[in-house]
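Descriptive structure summary
Given next are the chains, with one letter for each unit.
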Amino acid sequence: MIELKKYGAIDIGSNAIRLLVSNVIIQEGKEPQFKKSALIRLPVRLGADAFVSGIISEENISRMIDAMEAFKLLMKVHKVERFKACATSAMREAFNGEEVVKKVFEKTGIKISIIGGKEEAAIISSTNLKELIKGTDSYLYVDVGGGSTEFTIFSEEKIIISKSFNMGTVRLLNNTKSENKEIFENVERWIRKNTQDLKRISLIGSGGNINKIFKMSGLMEGKPISFVYLHAQYQFLKQMSYEDRISELSLNPDRADVIIPATKIYLSAMKWSGAKKIFVPKIGLSDGIIKSLYVNPSGLIK
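Description of the structure in this document. Predicted model, so just to flag it, every value in this text is computed and none were measured.

1. A look at the side chain of Thr88
- Assignment of secondary structure puts Thr88 in the loop between strand E4 (82-87) and helix H3 (89-93).
- In this structure Thr88 touches Asp11, Ile12, Gly13, Ser14, Ile115, Glu120 and Leu285, once residues within four positions along its chain are discounted.

2. Some remarks on the packing of aromatic side chains
- Considering all chains together, one arrives at five aromatic pairs under this definition.
- Look at Phe151 and Trp190: their rings are 6.1 Å apart centre to centre, the planes differ by 45 degrees, and that puts the pair in the tilted class. Highlighted residues: Phe151 in strand E7 (residues 149-155) and Trp190 in helix H7 (residues 177-195), separated in sequence by 39 residues.
- On the basis of relative accessibility, which here comes to 10%, the residue Trp190 falls in the buried class.
- Measuring from ring centre to ring centre gives 6.0 Å for Phe165 and Trp190, while their planes differ by 70 degrees; the resulting arrangement is edge-to-face. Remark: Trp190 occurs in helix H7 and Phe165 occurs in strand E8 (residues 158-165); sequence separation between them is 25 residues. The two residues Phe165 and Trp190 agree in class, both being buried.

The rules we used
- Residues numbered from 1 in each chain as written.
- Predicted model: local features only at pLDDT ≥ 70, side-chain atom pairs only at ≥ 80, totals over all residues.
- Heavy atoms only, no water.
- Helix = DSSP H or I, 4+ residues; strand = E, 2+ residues; numbered from the N terminus.
- Contact = heavy atoms within 4.5 Å.
- Phe/Tyr/Trp six-rings, centres within 6.5 Å; stacked < 30°, edge-to-face > 60°.
- Buried < 20%, exposed > 50% of the residue type's maximum accessible area, 1.4 Å probe, protein only.

Set out below in structure tokens:
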């Protein structure tokens, strides 16, 4: 006997807003299966507001409201039973973040939870990583977002330590060189300190940019990207103009700029930890939200 549920997850990030609709297949005696039914991504770059002026602009508040209304209709068509909306770095740093949450709720009925960096890392880490972290090897999990990057170290199938840094791609594009230098130095110290005693370490990367690079590599699903390939790809992307990345590589305009700092973050993490390869499972915050709704079904009922 198979039971089918449909859940929705709204991820309000610093670079984009996403809606994931997922089928949850429940069968007695078996682990539940989570199958993506639809994924919609809207390039509302809230981080360009929050990290520069400190507030979400009226224009982007209006776009958020429109996005939530559209997501409501899409979830209705998909017959979503439960959903949850989470906002990350840009919204938690904006001075008017709570005001925006209230306004969106009043206009759309969608309640947004602004989550902290540690909670974000915990939600992402709860996704289906078990297939990758089996055995005695160690892994540095790196989730690069627009406003922050979450790092989690696994060893012998257990979480050793986790930390969130203000090292997001949109933030790095808007920061000064000296600000970025300080951020990278802080992350380097943390990674070196916490991985120095670990052997046979690999990276696990998540986020839209590493997913795009993996797709461009032509590798089969489950195969890792090597440090050598990622470094070569970074140099290749850097030498192209923003316009050429759009026209020649078919990157979305809001991907063509942030892919450079994102790749630098993954490369740096590999260098500092001594990892020679990076695995790229298709997981992220929205997947973690879906799983949390199944484990603890406290999302809003449609």
